[in-house]
Amino acid sequence: MNIIVAKNYDDLSAHAAAIVADQIIKKPNSVLGLATGATQLGLYQKLVELYHQGSLSFSQVTTFNLDEYFGLANDDSQSYHYFMFENFFKHLDIKKENIFIPAGSISMTEVGPYGQKYEAAIKIKGDLDLQILGIGENGHIGFNEPGSDFNSVTRLVSLSDNTIKANARFFSAPEAVPRQAITMGLATIMSARKIILLASGKSKAAAVAQALSGEVSEAVPASVLQRHQNLTIILDTEAAVMVK
Ligand code: F6R
């Protein structure tokens, strides 16, 4: 495990962007696993800048997003589809057919086969070269909440109270936060050849410390990452404060 403690959020984003850019330059048809959330915004901005400078092309890149709220249409402004297009994809030369994000608008009966199809699509593309992660205050990755099975794959999950509260900042009221989501599983994430996890701010410090140096336990989903062979953690000083 490689841990980078960045000076601040901008520096954290620059470190992450350098790793992603290096991946794409070495393998232009890379398959990337992407996350949403506030932590990723600096990284996406820096990658867009590199694209505009002509140093990076996404024309052969394929992306698979980790998760989507269940019950939201793709064009809902709170959906992760919307987030990804507004903050990242619409600024790049990535091909629409190479963008995969779980569909939140499918019906309950479609979810089982849909999860299998999402897993199969990742395999068909040759598996994830690089998975980018954020972390929840409760140690979740993707929407794999505490108690998630380490063998889990893409599926429908219920969000924990902690996550609903944390994500209420993006909605008009806590009641407006969807209660369920479709997420890649912990086994899906662990199958990536390389993983980077970004965490910023003191609200993440306890989860980061538990994930990196605590017991490997389904109570802290991110702790499964200790078993990955090619993991880089990028923290700012506040998120790193409890790491021993
Ligand atoms: C979202 C996702 C989540 C977030 C996590 C941190 O796609 O995978 O696990 O990474 O909830 O979110 P922020 O960055 O908003 O603190």
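Each remark here, short or long, concerns the structure printed above.
This one's a predicted model, so the numbers in the text were calculated from it and none came from an experiment.

Approximately 660 Å³ is the volume attributed to the largest pocket. When contributions to the lining of the largest pocket are tallied by element, the ones reaching two or more residues are strand 4 (67-69), helix 3 (80-87) and helix 5 (161-167). Take the lining of the largest pocket: its biggest share by element is four residues, from helix 5. Residue classes in the lining of the largest pocket are distributed as 15 nonpolar, 16 polar and four charged.

Residues in contact with the ligand amount to 15 residues; listed here are only the nearest, Thr-39, Asp-67, His-140, Gly-142 and Lys-204. At a separation of 2.9 Å, an oxygen atom of the ligand approaches a polar backbone atom of Ala-38. Contact between the ligand and Asp-67: an oxygen atom at 2.6 Å from a side-chain N or O atom of the residue. A total of 410 Å² of accessible area belongs to the ligand in isolation, and the protein chains cover 95% of it. For the ligand, the cavity whose grid points lie within 2 Å of the majority of its atoms is the largest pocket. The residue makeup of the shell around the ligand, split by class, is six nonpolar, six polar and three charged.

The next point concerns the environment of Arg-155. Following the sequence through the fold, Arg-155 ends up in strand 7 (residues 155-158). Put simply, Arg-155 and Lys-27 are 128 residues apart on the chain and 29 Å apart in space, counted from C-alpha to C-alpha. If near-sequence neighbours (up to four positions away) are discounted, Arg-155 is found in contact with Asn-144, Ser-148, Ala-181, Ile-182, Thr-183, Met-184 and Gly-185. Side-chain polar atoms of Arg-155 contact the side chain of Ser-148, separated by 3.5 Å. Here Val-153 takes part through its backbone oxygen, which lies 3.1 Å from a polar atom of the side chain of Arg-155.

With that settled, the discussion passes to unusual backbone geometry. Phi angles above zero are rare outside glycine, and Asp-127 is one such case at about 75°. Looking at Asp-127, the relative accessible area reads 21%, which means it is partly exposed.

Taken together, the seven strands give an open sheet; going across it, the order is 1-10-9-6-2-3-5, and neighbouring strands pair in parallel fashion. The open sheet has two edge strands with one neighbour each: strand 1 (2-6) and strand 5 (99-100). Two strands pair when backbone bridges link them, and strand 3 (residues 62-65) and strand 5 are joined in this way by two bridges, in the parallel orientation. Its bridge partner lying in strand 5, Phe-64 is registered against Phe-100. Docked against the sheet, helix 1 (residues 9-26) engages strand 1, strand 2 (31-34), strand 6 (130-133), strand 9 (194-199) and strand 10 (231-236), running at close to 155° with respect to strand 10.

Turning our attention to the packing of aromatic side chains. The geometry of two aromatic rings is summed up by the distance between their centres and the angle between their planes. Within the structure shown, the criterion is met by eleven aromatic pairs. Summarising the aromatic geometry, the rings of Phe-64 and Tyr-118 are spaced 5.7 Å apart at their centres and angled 85° between planes, so their arrangement reads as edge-to-face. Here the residue Phe-64 occupies a position in strand 3, and Tyr-118 occupies one in helix 4 (residues 111-124), the gap between them amounting to 54 residues. Neither residue differs from the other here; Phe-64 and Tyr-118 are each classed as buried. Plain terms: the ring middles of Tyr-80 and Phe-143 are 5.9 Å apart, the flat faces sit at 15° to each other, and that makes the pair stacked. Pair noted here: Tyr-80 is in helix 3 and Phe-143 is in the loop between strand 6 and strand 7, with a separation of 63 residues, a long-range link. Accessibility assignment for this pair places Tyr-80 and Phe-143 in one class, buried. Ring pairs connect the aromatic residues Tyr-44, Phe-58, Phe-85, Phe-88 and Phe-89, which therefore count as one cluster.

Right, let's get into a nonpolar patch on the surface. Taken together, the side chains of Met-1, Ile-3 and Val-5 define a hydrophobic patch exposed on the protein surface, amounting to about 270 Å² of accessible area. For Met-1, the position within the fold is in the segment before strand 1. The class of Met-1 is exposed, set by a relative accessible area of 52%.

The rules behind these values
- Residues numbered from 1 in each chain as written.
- Predicted model: local features only at pLDDT ≥ 70, side-chain atom pairs only at ≥ 80, totals over all residues.
- Heavy atoms only, no water.
- 1 Å grid on protein atoms, 1.4 Å probe; cavity = no way out; pocket = protein on both sides within 12 Å on 5 of 7 lines; lining within 4 Å.
- Points joined across faces, edges and corners; volume = space filled by probe spheres on them.
- Helix = DSSP H or I, 4+ residues; strand = E, 2+ residues; numbered from the N terminus.
- Nonpolar A, V, L, I, M, F, W, Y, C, P; charged D, E, K, R; others polar.
- Near = heavy atom within 4 Å.
- Polar contact = N/O pair within 3.5 Å; in protein donor to acceptor, adjacent residues only side chain to side chain.
- Areas by Shrake-Rupley, 256 points an atom, 1.4 Å probe, with all protein chains shown as cover.
- Sits in = over half its atoms within 2 Å of the grid points.
- Contact = heavy atoms within 4.5 Å.
- Buried < 20%, exposed > 50% of the residue type's maximum accessible area, 1.4 Å probe, protein only.
- Pairing = 2+ DSSP bridges.
- Axes fitted to C-alpha atoms, helices over the stretch in contact; angles between N-to-C directions.
- Phe/Tyr/Trp six-rings, centres within 6.5 Å; stacked < 30°, edge-to-face > 60°.
- Patch = residues over 30% accessible without salt bridge, like charges linked within 9 Å, V, L, I, M, F, W, Y side chains within 5 Å.
- Salt bridge = Lys/Arg side-chain N within 4 Å of Asp/Glu carboxyl O.

Scope: geometric values only; no functional claims are made or implied.
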